[in-house]
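# Architecture at a glance
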Amino acid sequence: MNTDAPWPDAKTARQRVLKIQTKLHQWATDDPGRRFDDLWNLVYDPSVLVEAWHRVRSNRGARTAGVDGETAYYVTTVRGEQAFLSELRDELKTRRFQPLPVRQVTIPKPGSTKRRRLGIAAVRDRVVQAALKLVLEPIFEAGFQPFSYGFRPERRAQDAIAEIHLFTSRSYEWIVEGDIKACFDEISHSALLQRVRVRIGDKRVLALVRAFLKSGVLTEDNELQETNTGAPQGGILSPLLSNVALSILDDHWVAMVAGTQADAERLREEAAAVLLPMGLRLSEEKTRIVHIDQGFDFLGMHIQRHKQWGSTKRFVYTYPSRTALAAVKAKVRDATRRSTNQTLATLLHRLNFVLRGWTNYHRHGAAAKTFAFLSAFTWRRVWCWLCHKHSKTSMGVLRRRHTRKWWPEQDEVRLFKPTSVAIIRYRYRGAAIPSPWATTTRAIT
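Residues numbered from 1 in each chain as written. Predicted model: local features only at pLDDT ≥ 70, side-chain atom pairs only at ≥ 80, totals over all residues. Heavy atoms only, no water.

Another point: the environment of Arg-322. Structurally, Arg-322 is set in helix α13 (residues 322–337). Classification of Arg-322 as exposed rests on a relative accessible area of 78%. (Helix = DSSP H or I, 4+ residues; strand = E, 2+ residues; numbered from the N terminus. Buried < 20%, exposed > 50% of the residue type's maximum accessible area, 1.4 Å probe, protein only.)

By the element assignment, Glu-409 lies in strand β12 (residues 407–410). Of the polar contacts made by the side chain of Glu-409, one reaches the side chain of Arg-404; its length is 2.9 Å. The residues contacting Glu-409, other than those within four sequence positions of it, are Leu-344, Leu-348, His-402, Thr-403, Arg-404 and Arg-414. (Polar contact = N/O pair within 3.5 Å; in protein donor to acceptor, adjacent residues only side chain to side chain. Contact = heavy atoms within 4.5 Å.)

One finds Leu-39, Val-127, Leu-132, Leu-136, Ile-200, Val-205 and Leu-208 to be the most contacted residues of the largest nonpolar core, which totals 65 residues. No other element matches the 11 residues that helix α6 (residues 123–141) contributes to this core. Excluding residues within four positions of it along the chain, Leu-39 makes contact with Leu-24, Val-135, Leu-136, Ile-139, Ile-200, Asp-202 and Val-205. Membership of the second largest hydrophobic core comes to 26 residues, among which are Val-328, Leu-398, Val-413 and Leu-415. (Core = buried A, V, L, I, M, F, W, Y, C linked by side-chain atoms within 4.5 Å.)

Strands sit in the order β11-β12-β13 across an open sheet of 3 strands; the sheet is antiparallel. Two strands lie at the open edges of the sheet, namely β11 (403–404) and β13 (413–414), each paired on one side alone. Where β11 and β12 come together, 2 bridges link them in antiparallel fashion. Counterpart to Arg-404 in the pairing with β12 is Trp-407. (Pairing = 2+ DSSP bridges.)

What follows concerns the sheet that holds strand β7 (residues 288–291). Within the open sheet, the 3 strands sit side by side as β6-β3-β7. Their pairing is antiparallel. Strand pairing shows two members of the sheet lacking a second neighbour, β6 (256–257) and β7, which therefore form its edges. Judged from the 4 bridges that link them, strand β3 (residues 174–177) and β7 form a sheet pairing that is antiparallel. Each bridged residue has a counterpart across the sheet, and for Ile-175 the counterpart in β7 is Val-290. Set on the sheet, helix α12 (residues 261–275) makes contact with β3, β6 and β7; between it and β3 the angle comes to about 25 degrees. (Axes fitted to C-alpha atoms, helices over the stretch in contact; angles between N-to-C directions.)

Let us look at the state of the cysteines. Tallying each qualifying case throughout the model produces 0 disulfides. The closest cysteine sulfur to the non-disulfide-bonded Cys-384 is located on Cys-387, 6.4 Å from its own sulfur. You can call Cys-387 partly exposed: its relative accessible area is 30%. (Disulfide = S-S within 2.5 Å.)

Attention shifts here to helix α7 (residues 157–168). An ideal rise of 1.5 Å per residue puts 16 Å on 12 residues; α7 measures up with 17 Å between its terminal C-alpha atoms. The buried fraction of α7 is high, at 9 of 12 residues. Of the surrounding elements, those touching the buried residues of α7 are β3, β6, β8 (296–298), β9 (301–307), β10 (314–320) and α14 (344–362). (Expected span 1.5 Å × (residues − 1).)

Overall, the coordinates contain 23 salt bridges when judged by the stated rule. Arg-55 is the partner of Glu-51 in a salt bridge, and the nearest nitrogen-oxygen pair spans 2.8 Å. In this pair, Glu-51 and Arg-55 both sit in helix α3 (residues 46–58), 4 residues apart, roughly one turn of the helix. Ionic pairing is found between Arg-152 and Glu-141, a salt bridge with its closest N-O pair at 2.8 Å. Here Glu-141 lies in helix α6 and Arg-152 lies in the loop between α6 and α7, a separation of 11 residues in the sequence. Residue classification places Glu-141 among the buried residues on the basis of a relative accessible area of 9%. One network of salt bridges, with partners in common, ties together Glu-173, Asp-293, Arg-305 and Arg-314. (Salt bridge = Lys/Arg side-chain N within 4 Å of Asp/Glu carboxyl O.)

Right under this line is the structure:
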């Protein structure tokens with residue numbers, strides 16, 4: 001393979017990376033025991049670096065700087081993309097590359113007063129992590145179980161919810177609702193690298209993964225801390241590494257039980273024992289055993305079995321959870337509490353972005369009544385905002401100027417109606433979820 005070729009354009013790079021990934025995935029699938037001993041040249045392949053850079057640049061965090069103060073915009077406008085990638089490739093090729101510490105910030109946890117730590121890597125490190133992920137992900141994806149959904153390509157939260165709905169509708173009545181305590185913070189590096197070595201034999205790649213794990217953290221108090229366990233939450237490579245670590249659980253544990261409560265309790269203890277060698281623990285506060293008739297929250301949905309209205313038959317239903325509804329209401333309140341100096345059209349743009357995303361996510365559950373409530377709630381908040389902005393204007397004038405049939409609108413921007421979203425049951429895909437790397441016999445060129 002010629003790794004000294006000129007820098008390709010984005011389209012050419014993407015096509016070549018897809019060929020590389022497809023071949024790696026095919027090899028890993030055909031031989032589950034194969035260890036890949038020669039991957040280093042792929043990590044600094046020009047096409048891989050170009051594709052990694054474009055993924056980093058298009059990420060929402062591209063405007064955020066790491067400890068070196070550089071952003072993706074700075075690279076594009078000051079350093080130059082080709083010069084940046086050439087320097088990075090040269091450091092990788094000569095094995096002089098060393099990741100910088102991640103800059104730590106704390107952000108609020110959704111629906112909680114607590115805060116969680118987030119690690120912001122330097123742009124150069126993000127590109128290398130993205131390159132590593134492009135090379136490693138097709139290999140490990142070949143061995144992940146079909147009932148594992150988190151942080152995996154072509155898989156959605158709705159797939160996991162649909163699988164729970166399927167099994168709880170077929171005698172799986174007890175659920176072990178587990179939460180791993182500080183997963184990204186407490187993963188054992190040695191245990192994780194041992195699982196990585198099962199498929200990866202290239203010592204240079206292993207050394208680079210280890211370097212990222214050990215790169216350290218610069219706290220908000222400018223204190224440099226060592227990282228002896230865990231993977232930085234927010235890192236591009238961290239979700240893949242966490243899946244590698246948690247695949248030990250996939251091999252031993254399922255979340256639903258077709259048995260008794262005692263069977264579910266034994267399963268919980270087994271899961272705790274399996275996680276222990278990886279340095280992970282189940283949270284005592286958040287891990288519980290529930291019956292499907294009692295119901296539980298999962299990924300923003302409340303899942304519960306009860307009688308159908310007007311019938312004696314029982315079915316499993318999924319609804320938007322109260323926590324999820326409270327979260328979107330808080331966003332609507334926040335938007336309508338802002339300064340009234342903004343125009344109505346600006347406010348509607350902000351609200352529509354929130355409402356469209358939330359309703360599209362929850363449209364696969366029994367959400368009609370929730371959508372009706374959210375529509376009425378948002379309308380009231382916008383109307384109160386208008387009355388506050390134009391406190392000396394009568395209601396009739398406000399209605400004529402800023403609404404059409406009482407629904408807020410300005411400059412052809414109309415408040416999004418959650419009730420306009422059709423409720424569609426999500427089709428369970430299971431093992432039929434397609435791989436992004438279709439099997440092919442084309443050779444890498």
